[in-house]
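Fold and contact review
Listed here are the chains, written in short residue letters.
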Amino acid sequence: VQLVESGGGMVQPGGSLRLSCAASGFTFSSYFMGWVRQAPGKGPEWVSFISTGGGNTYYADAVKGRFTISRDNAKSTLYLQMNSLRPEDTALYHCARYPRDWVRLKKYDYWGQGTQVTVSS
């Protein structure tokens, strides 16, 4: 299993970024996929996940209405569109794989190395 994130960077408050996660080594379309972030000095925080076909999406209250998760199963790629970014969104963002039986627990079995998002003026 390999999950490789990209698209992070530094942006001013109110700005936007689009993260991507290229997946390989497993049948991407068979798994819920999601994003987890970790701010400096804090534990991992669940951000969002998406069902296998993309028809159902779920968000943490902190990002609801600002972030949009999507997936392209033909390309084995997961996305996170982040709008109206705030300084408190600053974190390392990881793509994660969620086995079906673990989804309700928001428990993942693999995550990638992450891509850094910094929101600062």
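Residues numbered from 1 in each chain as written. Predicted model: local features only at pLDDT ≥ 70, side-chain atom pairs only at ≥ 80, totals over all residues. Heavy atoms only, no water.

Observations regarding the overall build of the protein chain
What counts, and what does not: Numbering of helices and strands starts at the N terminus; helices are DSSP runs of H or I of at least 4 residues and strands are runs of E of at least 2. In this treatment the radius of gyration is a C-alpha quantity, and the globule benchmark scales as 2.2 Å times the residue count to the 0.38 power. Partly exposed residues are those whose accessible area sits between 20% and 50% of the maximum for their type, while under 20% is buried and over 50% is exposed, using a 1.4 Å probe and protein chains only. Residues are treated as being in contact if the distance between any of their heavy atoms lies within 4.5 Å. Method for areas: the Shrake-Rupley scheme with a 1.4 Å probe, in which residue coverage is limited to the protein chains shown. Counted charges follow a simple rule, with Lys and Arg positive, Asp and Glu negative, and His plus the chain ends left uncounted. Where a charge sits is defined by one atom per residue type, namely NZ (Lys), CZ (Arg), CG (Asp) or CD (Glu).
Counting secondary structure elements, the protein chain contains zero helices and 11 strands. The secondary structure elements of the protein chain, listed N-terminal to C-terminal, are β-β-β-β-β-β-β-β-β-β-β. The C-alpha radius of gyration of the protein chain comes to 13 Å, within 12% of the 14 Å expected for a compact globule of 121 residues. For the C-alpha atoms alone, the extent of the protein chain along its principal axes is close to 40 × 25 × 25 Å. Within the span of the protein chain, comprising 121 residues, buried residues form 42% of the whole. Long-range pairs, those at least 24 residues apart, make up 55% of the contacts in the protein chain with a sequence separation of at least 6. If you sum the accessible surface of the protein chain, you get close to 6,200 Å²; carbon and sulfur atoms cover 46% of it. The averaged location of the 8 negative side-chain charges in the protein chain is 3 Å from the averaged location of its 13 positive side-chain charges.

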